[in-house]
Amino acid sequence: MSTLEARLLQFVRSDLLRPSDVTIDEDTYLFDDGLIDSLKILLLIAFVEVETGRMIPDRDVVMSHFRTIRTIARRFGDGLA
Amino acid sequence: MTHGTAADFVTLGDGRALLRGSTARLVRWFDDRFLQMARQEGALECRFPATIAGETLARAGYFEAFPHGATALGAGAGSYYLPPAVCYHAYAMLAGTRLDAPARLTAVQTCFREVDRPALTAARLWEFTMREAIFIGPGDWIREERARWAERIDAFARDLGLSGSRAPAADPFFGGVGRGRHLIQQLKGLKEELRLDAGSDTVAVASFNLHEGFFGTRFEITLAEGIAAHSGCAAFGLERWALAFLEQHGSKAAEALIGV
């Protein structure tokens, strides 16, 4: 698991889904059951931007990049250990 | 600004348009086609009131998504609006019911978008006519229904020789939080639009929408299992279909199409 994956997993578990009894891992589909709503997507994007030091353009917020924590890390984690 | 011949698509400069002759018949021809498609699917044809209760729009979250989107009837009245879309009536009609089977409905209505008033082009009017096919049921079924409508309308446009393309749309149709709402909609592919070429621009003639369980929850429409129904709709801007056809093929082709 990459550093970004691990930090994303911790962020989603502790900050976005709290309090929650939903068990998630890096391959859980984040949007299928309404886990992430319109406010949480902004927090998630902000977290990735802070972690990577890069802005994410709106056009890159598509399902193929954001389906799971693993796909987010793969798309936006270039250069991070 | 006019389109077609004999000045028969006349924009009045205040977001309204006057259509006559073969252009008026062309709009009716398109509506007949969409109605026929909906009927073939077994849709229940409905005729909704010309106005909509503010209570219905509030329950649908309309004012959260579009704070100044609807045209109110009379200052202080607060209770009735000109309808910004057709399908809100359908959810109000089914409010509090449990569906034994998926429901299909269709209706046509003059709709109004306050944000487009006064609009100065034929492509973006304050007052326009919308035919909707509305489907309410389980989520998987709704997604299939939306896909089938989109493919059917793609083929319909292609058969008419109309050039354009279908793509995800960015404008939101229900409540949330500003940019977040827009991004969630984009992420989930909840809205697609068919845009046809019209002169130097393109015009959105149809949209294919998924609402997930948003309206089912708001209006307490449930499935047999007791869970909130999902909904979706296909919406057609009838004047825009006529406009795109006239821009691409001209009035002679329109007259041939409608059998003048």
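Since the structure is predicted, the reported quantities are computational estimates derived from the model, not experimental observations.

**Remarks on the overall build of chain A**
Of regular secondary structure, chain A possesses 4 helices and 0 strands. Beginning at the N terminus, the succession of helices and strands in chain A can be written as α-α-α-α. For 81 residues, the compact-globule estimate of 2.2 N^0.38 gives 12 Å, and chain A sits close to it at 12 Å. Taking all 81 residues of chain A together, 44% fall into the buried category. For chain A, the proportion of contacts with a sequence separation of at least 24, taken over those separated by at least 6, is 59%. Roughly 4500 Å² of accessible area belongs to chain A as shown, and the carbon and sulfur atoms make up 50% of that amount. The distance from the centre of the 10 positive side-chain charges to the centre of the 14 negative ones in chain A is 4 Å.

**Quick notes on the packing of helix H1 (residues 21–40) of chain B against helix H8 (residues 238–258) of chain B**
All names here are of chain B. Direction vectors running N to C along H1 and H8 enclose 110°, while the axes themselves pass 9 Å from each other. For the element pair H1 / H8, the angle class is roughly perpendicular. Contact with H1, carried on its side by Ser22, Thr23, Arg25, Leu26, Val27, Trp29, Phe30, Asp31 and Phe34, involves Leu238, Glu239, Trp241, Ala242, Phe245, Leu246, Ala254, Glu255, Leu257 and Ile258 of H8 and no other residues of that element. Classifying every residue of the contact of H1 with H8 by side-chain character gives 13 nonpolar, 2 polar and 4 charged.

**Some remarks on empty space enclosed by the protein**
Residues and elements named next belong to chain B. Under the counting rule described, the total for this entry stands at 2 cavities of 30 Å³ or more. Of the voids in this model, the largest cavity is the one considered here, and its volume is about 40 Å³. Ala38, Glu41, Ala43, Arg104, Leu105, Ala133, Ile134, Phe135, Glu145 and Trp149 together form the lining of the largest cavity. Residue contributions to the lining of the largest cavity peak at 3 residues, all from strand S10 (residues 127–137). Tallied by class, the residues present in the lining of the largest cavity amount to 7 nonpolar, no polar and 3 charged. Quantified by volume, the second largest cavity comes out at close to 30 Å³. Gly139, Ile142, Arg143, Leu210, Glu212, His230 and Ser231 are the residues that line the second largest cavity.

**As for the environment of Ala43(B)**
Residue and element names in this part refer to chain B. Summarising the element assignment, Ala43 is placed in the loop between H1 and strand S4 (44–45). Its relative accessible area of 15% is what places Ala43 among the buried residues. Taking C-alpha positions, Ala43 is 27 Å from Ala244, a pair spaced 201 residues apart along the chain. Leaving out residues up to four positions away in the same chain, Ala43 has contacts with Ala38, Arg104, Leu105 and Thr106.

**Brief notes about the sheet that holds strand S9 (residues 103–112) of chain B**
Residue and element names in this part refer to chain B. The strand order across the open sheet formed by 7 strands is S4-S9-S10-S15-S13-S12-S11, and the pairing between neighbours is mixed. Single-partner strands in this sheet number two, and they are S4 and strand S11 (164–168). Where S11 meets strand S12 (residues 191–198), 5 bridges bridge the pair, whose relative direction is antiparallel. Of the residues in S12, the one forming a bridge with Arg166 is Leu194. In the packing of H8 onto the sheet, the strands contacted are S9, S10, S12, strand S13 (201–212) and strand S15 (230–237), and the crossing angle to S12 comes to about 35°.

**Some thoughts on the pairing of S10(B)**
Residues and elements named next belong to chain B. Counting buried positions along S10 yields 10 of 11 residues, so the element is predominantly enclosed. Both S9 and S10 contribute to a ladder of 10 bridges, which runs antiparallel. Opposite Val108, over in S10, you have Arg131 as the bridge partner. Across 8 bridges, S10 lies against S15 in antiparallel orientation. Along S15, the bridge assignment pairs Phe135 with Gly232.

**Regarding the confidence of the model for chain B**
Residues and elements named next belong to chain B. In the predicted model, chain B carries a mean pLDDT of 90, and the fraction of residues at 70 or more is 92%. Low pLDDT (under 50) marks residues 1–6, which in the prediction has 15 contacts with non-local residues, meaning those over four places away or in another chain. The complex prediction reports pTM at 0.83, with the ipTM value standing at 0.71.

Here is what the cut-offs are and how they apply
- Residues numbered from 1 in each chain as written.
- Chains lettered and ligands numbered in written order.
- Predicted model: local features only at pLDDT ≥ 70, side-chain atom pairs only at ≥ 80, totals over all residues.
- Heavy atoms only, no water.
- Helix = DSSP H or I, 4+ residues; strand = E, 2+ residues; numbered from the N terminus.
- Rg over C-alpha atoms; globule rule 2.2 N^0.38 Å.
- Buried < 20%, exposed > 50% of the residue type's maximum accessible area, 1.4 Å probe, protein only.
- Contact = heavy atoms within 4.5 Å.
- Areas by Shrake-Rupley, 256 points an atom, 1.4 Å probe, with all protein chains shown as cover.
- Lys, Arg positive; Asp, Glu negative; His and termini not counted.
- Charge placed at Lys NZ, Arg CZ, Asp CG, Glu CD.
- Axes fitted to C-alpha atoms, helices over the stretch in contact; angles between N-to-C directions.
- Parallel < 35°, antiparallel > 145°, perpendicular 65-115°, else oblique.
- Nonpolar A, V, L, I, M, F, W, Y, C, P; charged D, E, K, R; others polar.
- 1 Å grid on protein atoms, 1.4 Å probe; cavity = no way out; pocket = protein on both sides within 12 Å on 5 of 7 lines; lining within 4 Å.
- Points joined across faces, edges and corners; volume = space filled by probe spheres on them.
- Pairing = 2+ DSSP bridges.
- pLDDT = per-residue confidence, 0-100.

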